Amino acid sequence: MINQIIILFKQQKIIIYFILCLIIIISCKTTYKISYHNFASTYSAYKEKLNPEYVFYNIDNDTTLILCKVPVGNLLKIRPMGETNFYAGFKLNVEVFSSYQSNLIIDSVSLIYNDSIANRDSFIASTKVVIKSEGIFPVKLILSDLNSNESSTKIINLNKFIGKSRNDFMLVDENNNPLFTNFLPEDIRFRIKVNNLSLSNLIVRCYFRNFNIAALPFVYYKEESFNFEPDSLFTIPLENGISNVLQFVKEGIYHIQYNVNIKEGYTIFRFYRGFPQIRTPEQMIYPLRYLTSKNEYNKLINADNKKKAVDEFWLSTAGNELRGKELIKKYYNRVQYANIYFTSYKEGWKTDRGLIYIIYGDPNIVYFDAYSETWIYGEEFNNMSITFIFNKRENPFTDNDFILVRSPIYKDTWYNVIDVWRR
């Protein structure tokens, strides 16, 4: 009798243990720290069919408006039996985490849209989240096509420091429609919207500077500190929280502030004509500095016929015209995507992440946290894999400024990859 009781007790313990393990497994799958998730898809947009754009705008101290520009043309269109119109639909899931190291979700929302898409190139979906504290919060955004298996996952930081946040500003066009980028072409006319309706004007500090390209990953160097004394300064009048129509024609950095005593603000970047694309022979030459010797580069820069010089470089590199065209497409697509992903106070291709992305391609594994990014080329925990760590640098102009942790260990692999490009 006693033995039977002991056996029953052991069986119950096994059942309880199994249930606890099951609970732990389920909880690990449903809640996890963002910093443990691989977000390599963030930097491989060419592999995705959906490429949504997002804007965050702090309406007040607690509420943030989230706008998502959905490229309807990239959604799968279906025509139900008996109908004449085609339909497309999507689902947007938003989760706001307390930090990268926590699985605590502060707020979440799910939005479903399914309607006719006739004569529509894009659709702007909007929703709101509520955060009753200050800080920088990672927001996970998943856009899913309802008619296919396509989806897009992004992590974007939401800045909620009252009176010192770039998310207190929003750019709109002449008709007050939101703009989804802060690097603007020279011909666009826009307005600046702020959430502080009592402000009568904004202060704009202008910087017209040239910046060096990234140093090689194994070369230590001391970067010059930025001189925040503006090259020019002017004010923009506001009425009910919005400016008149503006146009920034001159290339440069336009840092917009409530108060010059506070470094934080919103920044508009004016790069070369056609940015982020590469369109002219001159624009094609500059990123070749990563592939060329100093003498080769100077020869390209000083060539009378720069188009011919670029063509001859790629032809000699590739060995034949067909292969040359393939290399040109591959290289300059990476340059363009580097401009889209990594632009900070300078063009994305000039940055440390841009350098690694252009030469090595998009990484297999990407981990985010509040202060750094880790890129892995190859398999995790494999001695043959290459790992790059980029530390975030505080920059009043942008939340997208990262510096590579340089090391001599990269020298051999760098020249091996360059040799592959040149062969």
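The preceding data block contains the structure.
Residues numbered from 1 in each chain as written. Predicted model: local features only at pLDDT ≥ 70, side-chain atom pairs only at ≥ 80, totals over all residues. Heavy atoms only, no water.

Draft legend 1. Local environment of the packing of aromatic side chains. Applying the stated criterion across every chain yields a total of 44 aromatic pairs. A ring pair is formed by Tyr43 and Phe368, whose centres lie 6.3 Å apart and whose planes are at 75°; its orientation type is edge-to-face. Pair noted here: Tyr43 is in the loop between α1 (2-30) and β1 (53-58) and Phe368 is in strand β15 (residues 365-368), with a separation of 325 residues, a long-range link. Accessibility classification places Tyr43 together with Phe368 in one group, the buried group. (Phe/Tyr/Trp six-rings, centres within 6.5 Å; stacked < 30°, edge-to-face > 60°. Helix = DSSP H or I, 4+ residues; strand = E, 2+ residues; numbered from the N terminus. Buried < 20%, exposed > 50% of the residue type's maximum accessible area, 1.4 Å probe, protein only.)

Draft legend 2. Broad picture of the packing of helix α4 (residues 306-318) against helix α5 (residues 321-342). At a minimum axis distance of 8 Å, the contact between α4 and α5 shows a crossing angle of 110°. Classed by the angle they form, the pair α4 and α5 counts as roughly perpendicular. In this structure, α4 meets α5 at a crossing whose hand is right-handed. Each of Val310, Trp314, Leu315, Thr317 and Ala318 in α4 lies in contact with α5, whose residues at this interface are Glu321, Arg323, Gly324, Leu327, Ile328, Tyr331 and Tyr332. Partitioning the contact of α4 with α5 into residue classes produces eight nonpolar, two polar and two charged. (Axes fitted to C-alpha atoms, helices over the stretch in contact; angles between N-to-C directions. Parallel < 35°, antiparallel > 145°, perpendicular 65-115°, else oblique. Left-handed = near helix turned anticlockwise from the far one by under 90°. Contact = heavy atoms within 4.5 Å. Nonpolar A, V, L, I, M, F, W, Y, C, P; charged D, E, K, R; others polar.)

Draft legend 3. Summary view of the sheet that holds strand β17 (residues 386-392). One open sheet accounts for four strands, arranged β15-β16-β17-β18; its pairing is antiparallel. Edge positions in the open sheet fall to β15 and β18 (402-404), since each of these has one partner strand only. Pairwise comparison of adjacent strand axes, ignoring direction, gives a mean angle of 20° for this sheet. One ladder, built from six bridges, connects strand β16 (residues 372-377) with β17; its direction is antiparallel. Paired with Glu373 across the two strands is Phe390, which belongs to β17. In the packing of helix α6 (residues 352-360) onto the sheet, the strands contacted are β16, β17 and β18, and the crossing angle to β16 comes to about 10°. (Pairing = 2+ DSSP bridges.)

Draft legend 4. Quick peek at the side chain of Asn159. Of note, Asn159 is situated in strand β7 (residues 151-159). If we ignore the near neighbours within four places in the chain, the residues touching Asn159 are Asn58, Gly135, Ile136, Lys164, Ser165, Arg166 and Asn167.

Draft legend 5. Seen up close, α6. With respect to burial, α6 is a largely interior element, nine of its nine residues being buried. Taken together, the buried positions of α6 are occupied by Asp352, Arg353, Gly354, Leu355, Ile356, Tyr357, Ile358, Ile359 and Tyr360. In the segment just after α6, Gly361 is the residue with positive phi, at about 90°.

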